[in-house]
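Structural overview
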Amino acid sequence: MTLNIAVIGAGVMGADHARIIAEEMAGARLALVCDAAAERAGQVAARFGAAATTDPLAAIAAADVDAVVIASPDATHAALARACIAAGKPALCEKPLSQRAEECLAVAAAEQAAGRRLVQVGFMRRFDPSYAAMKAGLDAGQIGRALLMHNIHRNVENPAADFTADMAITNAAPHEFDAARHVLGQDFTAISAFAPDRPDRPDGRAPVGPVLLVLQTGAGQVVTVEVNVNAAYGYDVRAELTGETGALSFGNPVVIARDAALARSTAYAADWRPRFAEAYRRQMAAFVRFAATGAFPPAAADAWDGYLAALVAECGVRARRAGGRIAIAPAARPALYAAK
Ligand code: ISE
């Protein structure tokens, strides 16, 4: 049986998800592309032989749509996820589930009322071979008990012109919050934030500067997250996990190294799509299996993971504004989301 998927949002990520479904997912078909801009929806749909619409609720309700990918602007994610739950259709929702923890709780409440998990949150790093190997190594006892995890997340420049300093914490850093929780198997209990002064660019546009977040887990581990959305030189994500008897780390994967003119060089990607191409593919394959079988993928993030990432981000924003250390106190975990 072929699974018919609608993609809502035909921007950078929506177009990429549409391509993955159309070109790389056996057993799935890109049925419909939806975007508020009719021309953009039409262009992506035409490229992959799908239908197009500007109405997301009609896309979710469409009789020939079995499952939905939500890749519209962040502020629309939670409401669309709830519409998918109401329609009983599995959804892969881009991160963050919401930039507001409260809204994530409403999504979780809708799932509890429905009695099942329908929303897979797009924290694709869980499917990245490097993060998966780090978690497997820790779980296999290769470095003893985990003590510290360092994370670096650098973008060439602001992903969007209206990207704010808060969004470095609510839009970009949630990847690290979720990946570290997933690798360590621990929730966070506190967060502090530190931001160096950064002079304006010569053109007068104040760039969003780097921020360093320091978190503590319930098991007393320390996690650092550097997010720099204007690093200028390339897309660069690294992590190092220090344990009692060793360390596990990865950097920017090297596809090819060039030795010439007395120097060695390797390349950085301009954005996250090449770096996490395999993770996006594996994530979509897991979603297609989930939508076809009803069994939630064990490695994937669910609405509760989306809630915890948003809550940590909210506390991070408060820590950056107010200074000091902010305690993180999540709501009680409902049985539907029993610890994995
Ligand atoms: C961006 O917001 C994303 O969503 C990407 O997944 C991430 O890798 C990137 O660095 C973020 O800034």
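Now for a look at the structure at hand. A quick note: this is a predicted structure, and the numbers were derived from the prediction, not measured.

Taken as a whole, the largest pocket encloses approximately 910 Å³ of empty space. Forming the walls of the largest pocket are 38 residues, and the residues nearest its centre are Ala71, Ser72, Pro73, Asp74 and Asn171. Looking at the lining of the largest pocket, the elements that each hand over two or more residues are α1 (12-24), α4 (77-87) and α7 (165-172). When the residues that make up the lining of the largest pocket are grouped by side-chain class, the tally is 19 nonpolar, 12 polar and seven charged.

Two faces make up the sheet, and in a regular strand the side chains alternate between them. Where strand β7 (residues 146-154) and strand β11 (residues 236-243) come together, eight bridges link them in antiparallel fashion. Bridging across to β11, methionine 149 finds its partner in leucine 241. With four bridges joining them, β11 and strand β12 (residues 247-250) adopt antiparallel strand pairing. Bridge pairing in β12 links threonine 242 to alanine 247.

Let us now look at the side chain of glutamate 111. By secondary structure assignment, the location of glutamate 111 is in helix α5 (residues 101-114). One buried charged residue, glutamate 111, remains without a salt bridge, the closest side chain of opposite sign being arginine 117 at 6.2 Å. Side-chain polar atoms of glutamate 111 contact the backbone nitrogen of leucine 118, separated by 2.7 Å.

Further remarks concern the packing of α5 against helix α11 (residues 303-322). One way to put it is that α5 packs onto α11 with a least axis distance of 8 Å and a crossing angle of 165°. By the criterion of interaxial angle, the relationship of α5 to α11 is roughly antiparallel. Between α5 and α11 the crossing geometry is left-handed. Each of Ala101, Cys104, Leu105, Val107, Ala108 and Glu111 in α5 lies in contact with α11, whose residues at this interface are Ala303, Trp304, Gly306, Tyr307, Ala310, Leu311 and Glu314. Tallied by class, the residues present in the contact of α5 with α11 amount to 10 nonpolar, one polar and two charged.

Moving on, we get to the sheet that holds strand β4 (residues 67-70). Whenever strands of a sheet pair, they do so through backbone hydrogen bonds, lying parallel or antiparallel. Across the sheet, which stays open at both edges, the six strands sit in the order β3-β2-β1-β4-β5-β6 with parallel pairing between neighbours. Of all the strands in the sheet, the pair left with one neighbour each is β3 (51-53) and β6 (119-122). Strand-to-strand, the axes of this sheet are offset by a mean angle of 25°, without reference to chain direction. Pairing of strand β1 (residues 3-8) with β4 involves four bridges; the strand directions are parallel. Looking at β4, one finds that isoleucine 5 is bridged to alanine 67. Against the sheet, α1 makes contact with β1, β2 (28-34), β4 and β5 (91-94), and its axis sits at roughly 155° relative to β2, the strand it touches most. Against the sheet, helix α2 (residues 38-47) touches β2 and β3, its axis set at about 165° to β3.

For the structure on display, the rule yields eight aromatic pairs. Ring centres of tyrosine 131 and phenylalanine 250 lie 4.8 Å apart, and the angle between their planes is 75°; this geometry places the pair in the edge-to-face category. With tyrosine 131 in helix α6 (residues 129-139) and phenylalanine 250 in strand β12, this residue pair connects regions lying 119 residues apart in the sequence. Among the residues examined, phenylalanine 250 registers a relative accessible area of 12% and is labelled buried. Directly above the ring of phenylalanine 296 sits arginine 117, whose terminal nitrogen or CZ lies 4.2 Å from the centroid.

To continue, consider unusual backbone geometry. The residue after lysine 95, namely proline 96, is reached through a cis peptide bond having omega -15°. Locating proline 96 in the fold gives a position in the loop between β5 and α5. One non-glycine residue with positive phi stands out, namely alanine 261, at about 50°. Mapped onto the fold, alanine 261 is located in the loop between β13 (258-260) and β14 (263-265). Alanine 261 sits in the exposed class, given a relative accessible area of 78%. Located in the positive-phi region is leucine 262, a residue other than glycine, with phi close to 65°. Structurally, leucine 262 is set in the loop between β13 and β14. Looking at leucine 262, the relative accessible area reads 92%, which means it is exposed.

The final tally for this structure, using the stated rule, is one cavity of 30 Å³ or more. Space inside the largest cavity adds up to approximately 30 Å³. The wall of the largest cavity is formed by Arg181, Asp187, Phe188, Leu308, Val312, Ile328 and Pro330. Its residues placed into classes, the lining of the largest cavity shows five nonpolar, no polar and two charged.

What counts and how
- Residues numbered from 1 in each chain as written.
- Predicted model: local features only at pLDDT ≥ 70, side-chain atom pairs only at ≥ 80, totals over all residues.
- Heavy atoms only, no water.
- 1 Å grid on protein atoms, 1.4 Å probe; cavity = no way out; pocket = protein on both sides within 12 Å on 5 of 7 lines; lining within 4 Å.
- Points joined across faces, edges and corners; volume = space filled by probe spheres on them.
- Helix = DSSP H or I, 4+ residues; strand = E, 2+ residues; numbered from the N terminus.
- Nonpolar A, V, L, I, M, F, W, Y, C, P; charged D, E, K, R; others polar.
- Pairing = 2+ DSSP bridges.
- Buried < 20%, exposed > 50% of the residue type's maximum accessible area, 1.4 Å probe, protein only.
- Lys, Arg positive; Asp, Glu negative; His and termini not counted.
- Salt bridge = Lys/Arg side-chain N within 4 Å of Asp/Glu carboxyl O.
- Polar contact = N/O pair within 3.5 Å; in protein donor to acceptor, adjacent residues only side chain to side chain.
- Axes fitted to C-alpha atoms, helices over the stretch in contact; angles between N-to-C directions.
- Parallel < 35°, antiparallel > 145°, perpendicular 65-115°, else oblique.
- Left-handed = near helix turned anticlockwise from the far one by under 90°.
- Contact = heavy atoms within 4.5 Å.
- Phe/Tyr/Trp six-rings, centres within 6.5 Å; stacked < 30°, edge-to-face > 60°.
- Lys NZ or Arg CZ within 6 Å of the ring centre and 35° of its normal.

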